[in-house]
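Close look at the chain arrangement
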Amino acid sequence: MSSGRVAKQGLLLRLYVALLVVELVRAADINSLKDSVGGFLKLPANRNIVGAALVTVDNLGVKAESTLASGNTDTTAAPASMMLDTAVRGSTFSESLLCTAVQRLIEQSVLPQVDEAVWRQLLPRGASFTHPNFLGTSVTLRMLMTHTSGIVDTDRFTQLPFMVSAGASVSDLRVFCEDYFLTNVGGNFAVSRSVWGAQQPGLAQSYQYARSNIALLGYIVQQAITATPALVGSQTKTVGALIQELLLVPLGMTSSHFLLPDGKPPFTQTSLSQLGGRRVPDPAPQPIHPAYPADFMFVTTAMDAARFALAMFVSDSSKFRTTSAAMQSAAVVIPKTTTRRYVAKQAFGIQIFDAVLMCSEWIRTFAPTGTACPLATSGTKDVFGVIAEGSVSLVAVVCTSTPTPAGVISAATTCVSVALAMSANAAASPSPLQALALATEAFYQSFSTEVIAGSRSVITPDSQRQSAVYGFTVFVGVFALAIIVFLSAYLIEFIIRPVPVAGPLVNAAYPQLDLSAVDDIYASQDESGFW
């Protein structure tokens, strides 16, 4: 066999090996993240987590290599059939939705500007929400959305008759706020002194996370809807209906919804094609609350949270990017002494996370000492998103800048949504640091293979099926490709252009063939023709 054909076959083999390596690396991405999440769920401290789901998105869509869902086979309870569209309690995730709606209403001049005193007609019974120890400072939308209003959660917020178990019914949002925030002396309504803390409103150091802030914010929006019913197209003129029409429907968050006043999921809602078909059942009767935009009553999925992230933080064509930018620009630096030590800044329904703390937790959980944290490449860019803490679940969206193959920080954003479901006998609620560590691991798996273009898919509830079989399909594809390549090489060399193995006999009556010119022609051809 001539040297030209040998070189051609060698090049063909090298191209195949290169493709094989690329595909196996891509398949290994799925297996690596699966192993990481599986190891995380097997930790003794995490045996009360029955399932975890992660969705990674960038400006090209879902990154299948760093997207998966997994039930915990070592759980103390029955493992959850966890999928990317498995619905869990969204807890305070609804705060981000409400703040987004508020920002849009501010842009439409339906609500006052963020630093303007909230109009009295929007407040419970028209009462003056001014701290009794700081009479010159009235409550503003900025204070409520950054939790710097001076308002605190009293014990009454989570007690009867307000918080009840599912099966009973809760009161109306407006009835709750008027009862909770106000005192009534002889028909004169005033803000109860018990809802005020000791801190001066409006200062960053006065930050104290309180669901009461979001309950009051929901009341304000409800009053605006009552004053301008056209804000909601449906006959149900509520905050929940506004959020559904403004966010859930346009973003395709078809498995996300607010529970009804008795804690049951709605069976039908306008423009929603499905409602939590794979919802993880509440492990025990869970509390429900009339302040439903603040906590307790929202249900969502990892995939829907990714849809929210895509519209708010990733897609340049989304009309919500301007709204999101305005919300993030309002961030205030909060004291390190707060219980939410993983939050460095608080914006309008959005948190800027402590990247150093996230890296420490990731290295402690997933990586050996000395491994470079993927967030260390983010330069001065923030790591931001949403953390929604609950007693039986945790939902988070974590976003950061997308590094380029050359290591240069780009303006593009990658986000990871995380959903954790807990068992009924969980000794403690899931830790936000656990979700942040999982998100960091997804960033690590994603950013470490940015040079290799990962597969992309449209965000649909069935995307998990693609991820689940991705490694197997890659193996089948590579194996089939190997057979095709070697069969093609055989056909080309021995059937289409047969050549004697021993070469021609040296005989003056049988002149030898000079094949060098033919070899040169074949060597100059595009090798892709042999695939």
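Residues numbered from 1 in each chain as written. Predicted model: local features only at pLDDT ≥ 70, side-chain atom pairs only at ≥ 80, totals over all residues. Heavy atoms only, no water.

A separate point is the packing of aromatic side chains. All told, the structure shown has 17 aromatic pairs when counted by the stated rule. Between Phe157 and Phe176 the ring centres are 5.7 Å apart and the planes differ by 85 degrees, which places this aromatic pair in the edge-to-face class. Taken together, the positions of Phe157 in the loop between α3 (141-146) and β5 (164-165) and Phe176 in helix α4 (residues 173-181) put the pair 19 residues apart, joining distant regions of the chain. Residue classification places Phe157 among the buried positions, given a relative accessible area of 1%. What makes Phe176 buried here is its relative accessible area of 0%. An angle of 25 degrees between the planes, with centres 5.5 Å apart, marks the rings of Phe443 and Phe447 as stacked. One end of the pair, Phe443, and the other, Phe447, are both in helix α10 (residues 432-447), four residues apart, so they sit about a helical turn from each other. Here Phe443 and Phe447 have matching classes, each one buried. Each member of the aromatic cluster is reached from another via a ring pair, and the members are Phe93, Phe258, Tyr292, Phe298, Phe308, Phe313 and Phe384. (Phe/Tyr/Trp six-rings, centres within 6.5 Å; stacked < 30°, edge-to-face > 60°. Helix = DSSP H or I, 4+ residues; strand = E, 2+ residues; numbered from the N terminus. Buried < 20%, exposed > 50% of the residue type's maximum accessible area, 1.4 Å probe, protein only.)

Within the largest apolar cluster, 100 residues are counted, with the highest numbers of intra-cluster contacts made by Phe93, Leu111, Phe129 and Phe313. Broken down by element, the residue count for this core peaks at ten residues, all from helix α7 (residues 302-314). Those residues within four positions of Phe129 in sequence are excluded, and the remaining contacts are Leu123, Pro124, Thr137, Ser138, Val139, Ile151, Phe181, Val191, Trp196 and Leu216. (Core = buried A, V, L, I, M, F, W, Y, C linked by side-chain atoms within 4.5 Å. Contact = heavy atoms within 4.5 Å.)

On to helix α8 (residues 320-329). Of all the residues in α8, the buried ones are Phe320, Thr323, Ser324 and Met327. Taken down its axis, α8 places every buried residue within 100 degrees of arc, on the same side. Residues of α8 that are exposed and point more than 90 degrees away from the buried face comprise Thr322 and Ser329. Looking at the buried positions of α8, the neighbouring elements they touch are α2 (93-107), α6 (239-248) and α7. (Arc of directions from axis to C-beta.)

What is meant by a disulfide is a covalent connection between two cysteines, made through their sulfur atoms. In this structure the tally under the stated criterion is two disulfides. Disulfide partner of Cys359: Cys373, at an S-S distance of 2.0 Å. Handedness of the Cys359-Cys373 disulfide follows from its S-S torsion of about -75 degrees: it is left-handed. Taken together, the residues Cys359 in helix α9 (residues 355-365) and Cys373 in the loop between α9 and β14 (383-389) connect sequence positions 14 residues apart. For the pair formed by Cys359 and Cys373, the shared burial category is buried. One disulfide bridge connects Cys399 with Cys415, the sulfur atoms lying 2.0 Å from each other. Taking the sign of the torsion about the S-S bond as the criterion, the disulfide between Cys399 and Cys415, at about 110 degrees, is right-handed. Taken together, the residues span a long stretch of sequence, with Cys399 in strand β15 (residues 393-403) and Cys415 in strand β16 (residues 409-422) at a distance of 16 residues. Here Cys399 matches Cys415 in class, with each residue buried. When the cysteines of the protein chain that form disulfides are numbered from the N-terminus onward, they connect as 1-2, 3-4. (Disulfide = S-S within 2.5 Å.)

To continue, consider the pattern of salt bridges. Counted by the stated rule, this structure contains eleven salt bridges. With its nearest N and O atoms 2.6 Å apart, the salt bridge here joins Glu361 to Arg364. One end of the pair, Glu361, and the other, Arg364, are both in helix α9, three residues apart, so they sit about a helical turn from each other. (Salt bridge = Lys/Arg side-chain N within 4 Å of Asp/Glu carboxyl O.)

Here the focus is the environment of Asp316. Topologically, Asp316 is positioned in the loop between α7 and α8. Sequence separation between Asp316 and Thr413 is 97 residues, and the spatial gap between their C-alpha atoms is 9.9 Å. At a separation of 3.2 Å, a polar atom in the side chain of Asp316 contacts the side chain of Arg321. (Polar contact = N/O pair within 3.5 Å; in protein donor to acceptor, adjacent residues only side chain to side chain.)

What follows deals with the packing of α9 against α10. Two packed helices can be described by the angle between their axes and the distance between those axes. Where α9 meets α10, the axes come as close as 8 Å, and the angle between the chain directions of the two elements is 80 degrees. On the basis of their axis angle, the class for α9 and α10 is roughly perpendicular. Contacts between α9 and α10 involve Leu357, Met358, Glu361, Trp362 and Thr365 on the former and, on the latter, Leu433, Leu436, Ala437, Thr440, Glu441 and Tyr444. When its residues are assigned to classes, the contact of α9 with α10 shows seven nonpolar, two polar and two charged. (Axes fitted to C-alpha atoms, helices over the stretch in contact; angles between N-to-C directions. Parallel < 35°, antiparallel > 145°, perpendicular 65-115°, else oblique. Nonpolar A, V, L, I, M, F, W, Y, C, P; charged D, E, K, R; others polar.)

Now for α4. When we look at burial in α4, the residues that qualify are Leu173, Phe176, Cys177, Tyr180 and Phe181. Across the axial projection of α4, the buried residues extend over an arc of 100 degrees, all falling on one side. On its buried face, α4 is in contact with β6 (182-185), β7 (188-191), α5 (211-227) and α6. For α4, the capping residue at the N-terminal end is Asp172, with a side-chain oxygen 2.8 Å from the backbone nitrogen of Arg174.

Where α2 meets α7, the closest approach of the two axes is 12 Å, and the angle between their N-to-C directions is 35 degrees. The way α2 lies across α7 gives a crossing that is left-handed. Listed contacts from α7 to Phe93, Ser96, Leu97 and Thr100 of α2 are Ala305, Phe308 and Met312. Looking at side-chain class alone, the contact of α2 with α7 contains five nonpolar, two polar and no charged residues. (Left-handed = near helix turned anticlockwise from the far one by under 90°.)

What follows concerns the confidence of the model for the protein chain. Per-residue pLDDT for the protein chain has a mean of 79; in total, 71% of the residues score no lower than 70. Here residues 21-30 scores under 50 on pLDDT; set against residues more than four positions off or in separate chains, the count is 22 contacts. Predicted confidence is poor over residues 499-531, with pLDDT under 50, and the contacts of this stretch with residues over four places away or in other chains come to 29 contacts. (pLDDT = per-residue confidence, 0-100.)

Looking at where Thr67 falls in the secondary structure, it is placed in the loop between β2 (61-63) and β3 (68-71). Side-chain polar atoms of Thr67 contact the backbone oxygen of Lys63, separated by 2.7 Å.

The three strands lie next to each other as β4-β10-β8, forming an open sheet whose pairing is antiparallel. In this open sheet, the two edge strands, each paired with only one partner strand, are β4 (88-89) and β8 (257-258). Alignment of β4 against strand β10 (residues 298-300), held across two bridges, turns out to be antiparallel. Looking across to β10, one finds that Arg89 is bridged to Val299. (Pairing = 2+ DSSP bridges.)

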